[in-house]
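Architecture and fold: a report
Residues per chain, in single letters:
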Number of protein chains: 2
Amino acid sequence: MITIAEVDDVRSLCDAARADGRSVGLVPTMGAFHAGHCSLMRAARRDCDLVVVSLFVNPTQFGPSEDLQAYPRDAGGDAARAIAEGVDVLFTPSSVAMYPEPMRTTVQVAGLTDRLCGASRPTHFAGVTTVVTKLLSIVGPCRAYFGRKDAQQLAVIRRMVRDLNLPAEIVGCPLVRDASGLAMSSRNAYLTAEERADALVLAWSLFGACEAIGEGERDAVLIRSRLADAIASRPTVRLDYAEVVDGENLDVVDRIEGEVLLAVAAFVGRTRLIDNATVRVDGDHVEAELGVVSVAGRPPTPRGAFAGCP
Amino acid sequence: MITIAEVDDVRSLCDAARADGRSVGLVPTMGAFHAGHCSLMRAARRDCDLVVVSLFVNPTQFGPSEDLQAYPRDAGGDAARAIAEGVDVLFTPSSVAMYPEPMRTTVQVAGLTDRLCGASRPTHFAGVTTVVTKLLSIVGPCRAYFGRKDAQQLAVIRRMVRDLNLPAEIVGCPLVRDASGLAMSSRNAYLTAEERADALVLAWSLFGACEAIGEGERDAVLIRSRLADAIASRPTVRLDYAEVVDGENLDVVDRIEGEVLLAVAAFVGRTRLIDNATVRVDGDHVEAELGVVSVAGRPPTPRGAFAGCP
């Protein structure tokens, strides 16, 4: 693996690979790698000739009161994990390399970004879509890999790529949970042992809701209350939102039909965590996608295999 | 030359050309070709292996009261001119092909777009930057060609490409004038013979201002008044703006130093026309770029060769 910090250098290397007929895969990350990131690298390794992982804690997607300074950083550990996953290039630009002059240009996706996480993080998604456009332009991948943990981000990026005809396929990869069910997140590093136990209520709320849908419940308003009530049952956890939305355009739905996203966000102590499940309903048939479980040192079990999923 | 209407077809053809190591050049246009468009095609033909000209009257860059419906269209004449210039591909998408679903995504450039034409056409540049991003993504050119007649558009697109790291070189080509000095524009087709004569005041105002700068005037406020007064001298012409701005960031300047853009816009009858000149001042040395003159059937004379230019 080689580590590259300069935009022009990684661009030249990727241009040369494409000129040789090699396919390029991009995994955009903010580092502090966990099993979720590793699963993205593995998917890219499986599909592409040249695997580029970008590691950039993008300041423009953090709000003024958010955790940009505190965001977990582990350069040594990240490099070791990327090497272990067979990554070819770790692209680690500085802020100055990515933003050499004040940015005048933004890429914005209307509608999908004003709800869920966008309601409490109003500038977040414009930061994400703009930096992802930059990374896609620099690396020029035929495929870019994103985790379903950030389900809204994935929907927003898919829409952006379609609207702008960007020449990359966006590959969504399963959310990864630890053995307790907690969704993997770099921000889990902020949690005390007690908070970590409390944080499980997010996953449990989703498991319970999926179970209810599996048993026939189709009223989205009831499912939403059920999610919120489950999270409120833990007094140390403060709900940000619990929503049931269309899986593609993220519009709030009244009935559970077709593909819907159950999405929750909550503060556990001072740490904001998110979690979600995708449910596909066709008549009596229910398919719930709650992610995969990764046990340290072993690859994630296949998608959809989480115990307790209907 | 082949004409292609579908996004996927032109993308495949350009992908194949690049895979063969051929360079691709893009000339984005709205059709109704005149000598200015032809000069862009000729520049692309000189530089690139595969020349793609897009012809799309983009609805999103017209305001609600503007001339989208009336905009000149000449499919047969345009194809003949493109063939004569050695163009390989004429890409003529429909609105449905470019916008198959309601757009949620926009690319916006702040600052540079709120002045000059942006002041009277507030949604224009977001339409331009978004459609140009789409065309660059579809065609994947190494170079894209734009005329300096639309000086603000060129500055905005250069900034967008830099900010988003888009993998294309933006080539600005000289403004082209007819033998009378009138800047070539598809909208000149709207003018009566009398209006056409009146419209010359735009060019004359610029020639006079350049002459004054050549003679030592450095006060941008005076030059601005001089431009406005010259245009106001023709009662049939209604001034929109006359500005003296920095050539790159389009900020208003007080002194004529370095590279400045003299830009004017006015309504001649119901037709809105624009014109500009770029002046580079280094001490006593003045270089004015007023464009090139094209006489029907002959290629434009070399850049900077306009008679009367200091």
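Residues numbered from 1 in each chain as written. Chains lettered and ligands numbered in written order. Predicted model: local features only at pLDDT ≥ 70, side-chain atom pairs only at ≥ 80, totals over all residues.

**Some thoughts on the overall build of chain A**
Helix and strand counts for chain A stand at nine helices and 13 strands. Put simply, chain A has 310 residues, and 45% of those count as buried. Restricting the contact set of chain A to residue pairs at least 6 apart, pairs at least 24 apart contribute 69%. (Helix = DSSP H or I, 4+ residues; strand = E, 2+ residues; numbered from the N terminus. Buried ≥ 20, exposed ≤ 12 C-beta atoms within 10 Å, placed from the backbone. Contact = placed C-beta atoms within 7 Å.)

**Focus on the interface of chain A and chain B**
Taken together, the 25 residues of chain A in the interface contact 25 residues of chain B. Elements with a contribution of two residues or more to the side of chain A that touches chain B: α1 (7–19), β5 (105–109), α6 (124–139) and α7 (151–163) of chain A. With five residues, the single largest contributor to the side of chain A that touches chain B is β5(A). Each residue belonging to the side of chain A that touches chain B can be placed in one class, and the counts come to twelve nonpolar, nine polar and four charged. (Nonpolar A, V, L, I, M, F, W, Y, C, P; charged D, E, K, R; others polar.)

**What about the sheet that holds strand β11 (residues 271–282) of chain B?**
Residues and elements named next belong to chain B. Spatially, the four strands line up as an open sheet ordered β9-β10-β11-β12, and their pairing is antiparallel. This sheet does not close on itself; its edge strands, each paired only once, are β9 (237–246) and β12 (285–289). For this sheet, the mean angle separating the axes of adjacent strands, direction not counted, is 15°. The sheet contact formed by β9 and strand β10 (residues 258–268) spans nine bridges and is antiparallel. Across the sheet, the residue bridging to L239 is A266, located in β10. With respect to the sheet, helix α8 (residues 193–214) is in contact with β9, β10, β11 and β12, its orientation differing from that of β11 by roughly 15°. (Pairing = 2+ DSSP bridges. Axes fitted to C-alpha atoms, helices over the stretch in contact; angles between N-to-C directions.)

**Observations concerning the domain arrangement of chain A**
Residue and element names in this part refer to chain A. For chain A, the domain assignment lists domain 1 (2–173) and domain 2 (186–293). A straight line from the C-alpha centre of domain 1 to that of domain 2 covers 26 Å. Contact with domain 1, which involves 13 residues of that partner, is made by 13 residues of domain 2. Contributing elements (two or more residues each) for the side of domain 1 that touches domain 2: α5 (117–120) and α7. (Domains from an automatic or database assignment.)

**Looking at the nonpolar core**
Formed by 184 residues in total, the largest nonpolar core has its most connected members in V52(A), L262(A), V52(B) and L262(B). Those residues in contact with V52(B) that lie beyond four places of it in its chain are V10(B), C14(B), V24(B), G25(B), L26(B), D88(B), V89(B), F91(B), V139(B) and P141(B). (Core = buried A, V, L, I, M, F, W, Y, C linked by C-beta atoms within 7 Å.)

**Thoughts on helix α6 (residues 124–139) of chain B**
Residue and element names in this part refer to chain B. With 16 residues, α6 extends 23 Å between its outermost C-alpha atoms, agreeing within 8% with the 22 Å of an ideal straight helix rising 1.5 Å per residue. Of all the 16 residues making up α6, 14 are buried; the element is thus mostly covered by neighbouring parts of the structure. One or two positions beyond α6, positive phi appears at G140, with a value near 60°. (Expected span 1.5 Å × (residues − 1).)

**Thoughts on the relation of the copies chain A and chain B**
Mapping chain A onto chain B is achieved by rotating through 180° and translating by 0.0 Å along the same axis, at an RMSD of 0.0 Å. Such values leave the two copies arranged in the relation of a two-fold axis. Residues of chain A ranked by C-alpha distance from the rotation axis are headed by V107(A), positioned 2.3 Å from it. (Least-squares fit on C-alpha atoms with pLDDT ≥ 70 in both.)

**Observations concerning unusual backbone geometry**
Glycine aside, a negative phi is what most residues show, and trans is what most peptide bonds show. Residues and elements named next belong to chain B. The backbone of A32 sits at a positive phi, close to 55°, despite the residue not being glycine. Position of A32 relative to the elements: it lies in the loop between β2 (24–29) and α2 (35–47). On the basis of neighbour count, A32 is assigned to the buried category, with 20 C-beta atoms found within 10 Å. With a phi angle near 45°, L116 is a residue other than glycine that sits in the positive phi range. Looking at the secondary structure, you find L116 in the loop between β5 (105–109) and α5 (117–120).

**Some words on helix α8 (residues 193–214) of chain A**
Residues and elements named next belong to chain A. The terminal C-alpha atoms of α8 lie 32 Å apart, and with 22 residues this matches the ideal 32 Å at 1.5 Å per residue to within 8%. Taken together, the buried positions of α8 are A199, V201, L202, A203, S205, L206, F207, A209, C210 and I213. Where α8 is buried, its residues touch β8 (176–177), α9 (220–232), β9 (237–246), β10 (258–268), β11 (271–282) and β12 (285–289). At the exit of α8 stands G216, carrying a positive phi of roughly 120°.

**A few points about the pairing of strand β7 (residues 169–173) of chain A**
Bridge count for strand β6 (residues 143–147) of chain A against β7(A) is five bridges, and the pairing is parallel. Of the residues in β7(A), the one forming a bridge with R143(A) is E169(A).

**Details of the packing of α6(A) against α7(A)**
Residues and elements named next belong to chain A. Two numbers describe how α6 lies on α7: the axes approach to 11 Å, and their chain directions differ by 50°. For the element pair α6 / α7, the angle class is oblique. The element α6 and its partner α7 pack so that their crossing is right-handed. Contacts between α6 and α7 involve F125, V128, T129 and V132 from the former and Q153, V156, I157 and M160 from the latter. (Parallel < 35°, antiparallel > 145°, perpendicular 65-115°, else oblique. Left-handed = near helix turned anticlockwise from the far one by under 90°.)

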